[in-house]
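The residues making up each chain are set out below.
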Amino acid sequence: QVQVVESGGGLVQPGGSLRLSCVASGSIFSVYAMGWYRQAPGKERELVAAIANDFSTRYAESVKGRFTISRDNAKNTVYLQMNSVQHEDTAVYYCRVGLAGTATWGQGTQVTVSS
């Protein structure tokens, strides 16, 4: 089985920065795209950023210019650098790791933006 664990969430002030990490471990044969999703209270889970195996990226319009996704294939790790955070960024952030024919989700990490 593959396990996905996020870390780095917490309380941050508006305009501040936070870096999330997601590590995949276990029976990993090949990792394709990896991504970060988030779900705020009362809202649907949405894609925040994704990065493919060739390191190409895509972002939600709401985070473009503020967030940066990156990956370290040797460590099976994906990161989300969050800069200039806003109240609207408050959510549980989930990591998704794409595998051959399936995907594995992390348990989520809470990010709260508050002054």
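Residues numbered from 1 in each chain as written. Predicted model: local features only at pLDDT ≥ 70, side-chain atom pairs only at ≥ 80, totals over all residues. Heavy atoms only, no water.

Trainee: Which residues make up the pattern of salt bridges, and what values do they have?
Mentor: Note that side chains of opposite charge can pair when their charged atoms are close. The final tally for this structure, using the stated rule, is four salt bridges. The residue R38 makes a salt bridge to E46 at a minimum N-O spacing of 2.9 Å. The exposure class of R38 is buried, given its relative accessible area of 6%. We classify E46 as partly exposed; its relative accessible area is 30%. Salt bridges sharing partners connect three or more residues here, namely R38, E46, R66 and D89. (Salt bridge = Lys/Arg side-chain N within 4 Å of Asp/Glu carboxyl O. Buried < 20%, exposed > 50% of the residue type's maximum accessible area, 1.4 Å probe, protein only.)

Trainee: With reference to specific residues and values, describe the side chain of S21.
Mentor: Tracing the backbone through its elements, the reader meets S21 in strand β3 (residues 18–26). According to the relative accessible area criterion, S21 is buried, its value standing at 17%. Other than its neighbours up to four places away in sequence, S21 contacts V5, E6, S7, W36, V78 and Y79. (Helix = DSSP H or I, 4+ residues; strand = E, 2+ residues; numbered from the N terminus. Contact = heavy atoms within 4.5 Å.)

Trainee: Talk me through the packing of aromatic side chains; I want residue IDs and the actual numbers.
Mentor: Inspection of the entire model under this criterion finds one aromatic pair. Positioned over the ring face of Y79 is R19, at 4.1 Å from the centre of the ring. For R45, the ring lying beneath its charged end belongs to Y94, and the centroid distance is 3.8 Å. (Phe/Tyr/Trp six-rings, centres within 6.5 Å; stacked < 30°, edge-to-face > 60°. Lys NZ or Arg CZ within 6 Å of the ring centre and 35° of its normal.)

Trainee: Just give me the short version of unusual backbone geometry, but keep the residues and values in it.
Mentor: Non-glycine residue N76 carries a positive phi angle of around 50°. The residue N76 is located in the loop between β7 (67–72) and β8 (77–82) in this model.

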